[in-house]
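Okay, here's what each chain looks like letter by letter:
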Amino acid sequence: MDHYAEVCFSEPGRCWRFVYDGEGSGRPMHCPEPLRWRGTTGLKGGKRIPVWSCEGHREGVEESKRV
């Protein structure tokens, strides 16, 4: 599933990527896929934050471990 913009969301139980809604309006929604990975990602300025990811959005997740 293509991700929506370069935004990052850090909350346990939710994939860190937003996706386009299913209605074709272009609005973002939380990725509905099941979580498979936990790791970190970097923000501008170098800060690292924890993220959770589905299989399809693992790219960009560093130090990833299976959930």
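Here the structure is a predicted model, which is why all the values come from computation and not from measurement. Numbering of residues starts from 1 in each chain and follows the order in which that chain's sequence is written. Where local features are concerned, this predicted model is filtered to residues with pLDDT of at least 70; where side-chain atom pairs are given and counted, the filter is 80 or more; whole-chain, interface and lining totals use all residues. Excluding hydrogens and water, the side-chain figures rest on all heavy atoms present in the structure.

**Examining the side chain of Thr-40**
Turning to step 1, where the next piece is worked out: Counting through the fold element by element, Thr-40 comes out in strand S3 (residues 35-42).
Turning to step 2, where the next piece is worked out: Definition of a polar contact: a pair of N or O atoms within 3.5 Å, with one able to donate and the other able to accept a hydrogen when the atoms are protein atoms, and with sequence-neighbouring residues admitted only if both atoms are side-chain atoms. Within the structure, the side chain of Thr-40 is placed 3.2 Å from the side chain of Arg-48, a separation counted as a polar contact.
Turning to step 3, where the next piece is worked out: Here Thr-40 is in contact with Arg-48, Ile-49, Pro-50, Val-51, Gly-60, Val-61, Glu-62 and Glu-63, once residues within four sequence places are set aside. Secondary structure elements follow DSSP: runs of H or I no shorter than four residues count as helices, runs of E no shorter than two count as strands, and numbering proceeds from the N terminus. Residues are treated as being in contact if the distance between any of their heavy atoms lies within 4.5 Å.

**Notes on the environment of Arg-48**
Turning to step 1, where the next piece is worked out: With respect to the element layout, Arg-48 can be found in strand S4 (residues 48-54).
Turning to step 2, where the next piece is worked out: In this structure Arg-48 comes out as partly exposed when scored by relative accessible area, which is 37%.
Turning to step 3, where the next piece is worked out: Spatially, the C-alpha atoms of Arg-48 and Glu-62 are 9.8 Å apart, while their sequence positions differ by 14 residues.
Turning to step 4, where the next piece is worked out: Not counting the four nearest positions on each side in its chain, Arg-48 is found in contact with Thr-40, Thr-41, Gly-42 and Glu-62. The classification of residues rests on relative accessible area computed with a 1.4 Å probe and restricted to protein chains. Under 20% of the type maximum is buried, over 50% is exposed, and intermediate values are partly exposed.

**Describing the pattern of salt bridges**
Turning to step 1, where the next piece is worked out: By salt bridge we mean one thing: a side-chain nitrogen of Lys or Arg within 4 Å of a carboxyl oxygen of Asp or Glu. One pass over the structure, following the stated rule, counts 3 salt bridges.
Turning to step 2, where the next piece is worked out: A salt bridge links Glu-11 to Arg-14; its shortest N-O distance comes to 3.9 Å.
Turning to step 3, where the next piece is worked out: Under the relative-accessibility criterion, Arg-14 is labelled partly exposed at 35%.
Turning to step 4, where the next piece is worked out: Across the salt bridge formed by Arg-66 and Glu-55, the nearest N and O atoms sit 3.7 Å from each other. Note that Arg-66 is positioned in strand S5 (residues 62-66) and Glu-55 in the loop between S4 and S5, a separation of 11 residues in sequence.
Turning to step 5, where the next piece is worked out: The class for Arg-66 is exposed, based on a relative accessible area of 54%.

**Describing the sheet that holds S3**
Turning to step 1, where the next piece is worked out: Note on pairing: two strands pair once DSSP finds at least 2 bridges between them. Across the sheet, which stays open at both edges, the 3 strands sit in the order S4-S3-S5 with antiparallel pairing between neighbours. Each end of this open sheet is capped by a strand with a single partner; those strands are S4 and S5. Shown here is a sheet whose adjacent strand axes are inclined to one another by a mean of 20°, direction ignored.
Turning to step 2, where the next piece is worked out: Pairing geometry for S3 and S4, over 7 bridges, is antiparallel. Bridging across to S4, Gly-39 finds its partner in Val-51. Comment: axis = line fitted to C-alpha atoms, over the contacting stretch for helices; angle = value between 0 and 180 degrees taken between N-to-C directions.

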